[in-house]
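# Close look at the chain arrangement
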Amino acid sequence: MDMNPWLNAMFQFAFFYPMVMAFFWMSGGLYYFFRRERKSRPRNDPPPMAEYPFASLLIPCHNESANLDDTLGAALAQRYPDFEVIAINDGSTDDTGTRLDALAALHPRLRVVHLDRNLGKANALRMGALAARSEYLVCIDGDAMLEEFAMHWMVWHLTSGPRVGAVTGNPRIRNRSTLLGRLQVAEFSSIIGMIKRAQRVYGRIFTVSGVIAAFRRTALHRIGYWADDMVTEDIDISWRLQLDHWDIRYEPNALCFILMPETLKGLWRQRLRWAQGGVEVLLRHGSSLFSWRKRRMWGVLLEYILSVLWAYTMLVIILLWAVGKFIPMPPSLYIDTLLPQWHGVILALVCLLQFASSLIIDRRYETHIGRNYFWVIWYPMAYWLISLFTTLVALPKTLLRRRGKRATWVSPDRGIR
């Protein structure tokens, strides 16, 4: 008996969605590279500006004592003529506050804002923005290390047009001592970097990178700054800026070296938070997009809805396969195996093509990045499995979460030291 038409449609969607998205990202990413990056200025020679406006670098910190020397050392070493660094100590329970005060006494550019309790990253960024003396705000995490020309590249974008509300930079992985770390090197180049390039080409960016982003203060003021009740404030601020018709740009030359989880538990918690943030934004802002004036956000909205549908399609397929192992099923609903067959080989080849495309682009930023691609054979399975299960968990978790609850800091897994 032939397969049930609905089940056949689910299989077709489950197979074609990852492949179509891979080609979508590849085509957009390569177009962006050949059109905008390939002949652009070297990273260490950013475009000159008619004038160099004063800029503020905001660094929210919660229990960051172990990372302060690296993060602030790189921040204070920016090759930009006129800037300040504002570190916001958000209720740290270690010696972060004491160390920040000691560093501020040594560096005139550094100012410290102390908050007496943990109120979350969004609130810390808002307090830093209110304390800043500049219209242009560059924001990084407390464990991030900015490349020396990153601030110049970001501020250059913000000053290049009155409707540029934000710029997102190019995060790079610092810790590569484990398989998970090396897999994420491939992810940030062949998946995340490619997605941002493609989204920039086709319309709107789903999210700035919370670890490195720059904002125009006027744009932030118009939309009410960061929301303190969202799990991922970076996704929410990106959507609200674009719904208010501000432009968000991507600058791959603005490098920022970050620490990422190198344990499965840490990686799961991080990706679940990302997935939950996407669901929160969809629930809060999705209904407001159904107007012609906001049509440029439709592509981002459709891409995210399809990713959620794919996750639940895979769940139905897995459940039918599992039930069929214990209960007799009609032949039209019986699924013999979940192991990849010929279609799995095709998906693997498409993934390798995507990795090869990203290698063409990313060797501009890391000359020896190709050595990490030995490990990418494991990545397609890891990426899609993590995306699948975090999306499945995130939707009910978000629906059950109490509305208006403040999102406070939780110290993340930052790799094996």
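All values derive from a computational prediction rather than experimental measurement.

### Details of the packing of helix 2 (residues 68-76) against helix 3 (residues 96-106)
- It is the contact of helix 2 with helix 3, at a shortest axis distance of 11 Å, that shows an interaxial angle of 35°. Pair helix 2 / helix 3 crosses with right-handed handedness. The segment helix 2 lies against helix 3, with L68, D69 and L72 engaging T96, R99, L100 and L103.
- Split into classes, the residues belonging to the contact of helix 2 with helix 3 amount to four nonpolar, one polar and two charged.

### Quick look at the pairing of strand 4 (residues 136-140)
- Most of strand 4 is tucked away: five of the five residues are buried.
- Side chains Y136, V138 and I140 project from strand 4 onto one buried face, and the interleaved L137 and C139 project onto a second face that is buried too.
- Of the pairings in the sheet, the one linking strand 1 (residues 55-61) to strand 4 comprises four bridges and is parallel in character. Looking across to strand 4, one finds that A55 is bridged to Y136.
- Here strand 4 pairs with strand 7 (residues 212-216) via five bridges, running antiparallel. Within strand 7, the position partnered with Y136 by the bridge is R216.

### Here we look at the sheet that holds strand 7
- Across the sheet, eight strands lie side by side as 3-2-1-4-7-6-8-5; this open sheet has mixed pairing. The open sheet has two edge strands, strand 3 (110-115) and strand 5 (145-146), and neither has a second partner.
- As judged from the eight bridges shared by strand 6 (residues 164-173) and strand 8 (residues 247-258), these two strands associate in the parallel manner. Residue A166 lies in a different strand from strand 8, and its bridge partner there is I248.

### Overview of a nonpolar patch on the surface
- There is a patch of nonpolar side chains on the surface, built from W268, L385, F389 and V393 and spanning about 330 Å² of accessible area.
- Sort the elements by how many residues they give to the nonpolar patch and helix 12 (residues 379-400) lands first, with three residues.
- Tracing the backbone through its elements, the reader meets L385 in helix 12.

### Overview of the side chain of Q242
- Here Q242 is to be found in helix 8 (residues 233-243).
- Q242 has contacts with R204, I205, I248 and M297, leaving out every residue within four places of it along the chain.

### Points about the nonpolar core
- Core analysis: the biggest nonpolar cluster contains 40 residues, and L57, I59, L72, V85, M151, I212 and I258 have the highest contact counts within it.
- Counting residues per element, this core draws most heavily on helix 5 (residues 150-159), which supplies six residues.
- Apart from residues no more than four positions distant in its own chain, I59 is found in contact with T71, L72, A75, V85, I86, A87, I88, I140, D141 and G142.
- The next biggest cluster of nonpolar side chains, apart from the first, holds 27 residues, and it includes A124, A132, L220 and I237.

### What about the UniProt feature "transmembrane region" (unreviewed entry) in the protein?
- The residues that UniProt annotates with the feature "transmembrane region" (unreviewed entry) are residues 15-34, 301-322, 342-361 and 373-395.
- The span residues 15-34 shows a helical share of 100% and a strand share of 0%, and its end C-alpha atoms are spaced 29 Å apart.

### Topic: the pattern of salt bridges
- As enumerated under the stated definition, the model contains 16 salt bridges in all.
- For R197, the salt bridge identified is with E37, shortest N-O distance 2.5 Å. Note that R197 is positioned in helix 6 (residues 179-202) and E37 in helix 1 (residues 5-37), a separation of 160 residues in sequence.
- The shortest N-O distance in the salt bridge between R41 and D45 comes to 3.1 Å.

### Let's talk about the packing of helix 1 against helix 10 (residues 298-324)
- It is the contact of helix 1 with helix 10, at a shortest axis distance of 10 Å, that shows an interaxial angle of 140°. Put simply, helix 1 runs oblique to helix 10. Helix-helix and strand crossings are classified by hand; for helix 1 and helix 10 the assignment is left-handed. In this structure, helix 1 uses L7, M10, F11, F13, A14, Y17, P18, M21, F24 and W25 to contact helix 10, whose residues at the interface are E303, L306, S307, L309, W310, T313, M314, V316, I317 and L320.
- Class assignment of the residues belonging to the contact of helix 1 with helix 10 gives a composition of 17 nonpolar, two polar and one charged.

### Notes on the pairing of strand 3
- Relative to strand 3, strand 2 (residues 83-90) runs parallel, the two being bridged by six bridges. Across the sheet, the residue bridging to N89 is H114, located in strand 3.

What counts, and where the lines are drawn
- Residues numbered from 1 in each chain as written.
- Predicted model: local features only at pLDDT ≥ 70, side-chain atom pairs only at ≥ 80, totals over all residues.
- Heavy atoms only, no water.
- Axes fitted to C-alpha atoms, helices over the stretch in contact; angles between N-to-C directions.
- Helix = DSSP H or I, 4+ residues; strand = E, 2+ residues; numbered from the N terminus.
- Left-handed = near helix turned anticlockwise from the far one by under 90°.
- Contact = heavy atoms within 4.5 Å.
- Nonpolar A, V, L, I, M, F, W, Y, C, P; charged D, E, K, R; others polar.
- Buried < 20%, exposed > 50% of the residue type's maximum accessible area, 1.4 Å probe, protein only.
- Pairing = 2+ DSSP bridges.
- Patch = residues over 30% accessible without salt bridge, like charges linked within 9 Å, V, L, I, M, F, W, Y side chains within 5 Å.
- Areas by Shrake-Rupley, 256 points an atom, 1.4 Å probe, with all protein chains shown as cover.
- Salt bridge = Lys/Arg side-chain N within 4 Å of Asp/Glu carboxyl O.
- Core = buried A, V, L, I, M, F, W, Y, C linked by side-chain atoms within 4.5 Å.
- UniProt positions renumbered as here; feature names shortened; annotations may be inferred.
- Parallel < 35°, antiparallel > 145°, perpendicular 65-115°, else oblique.

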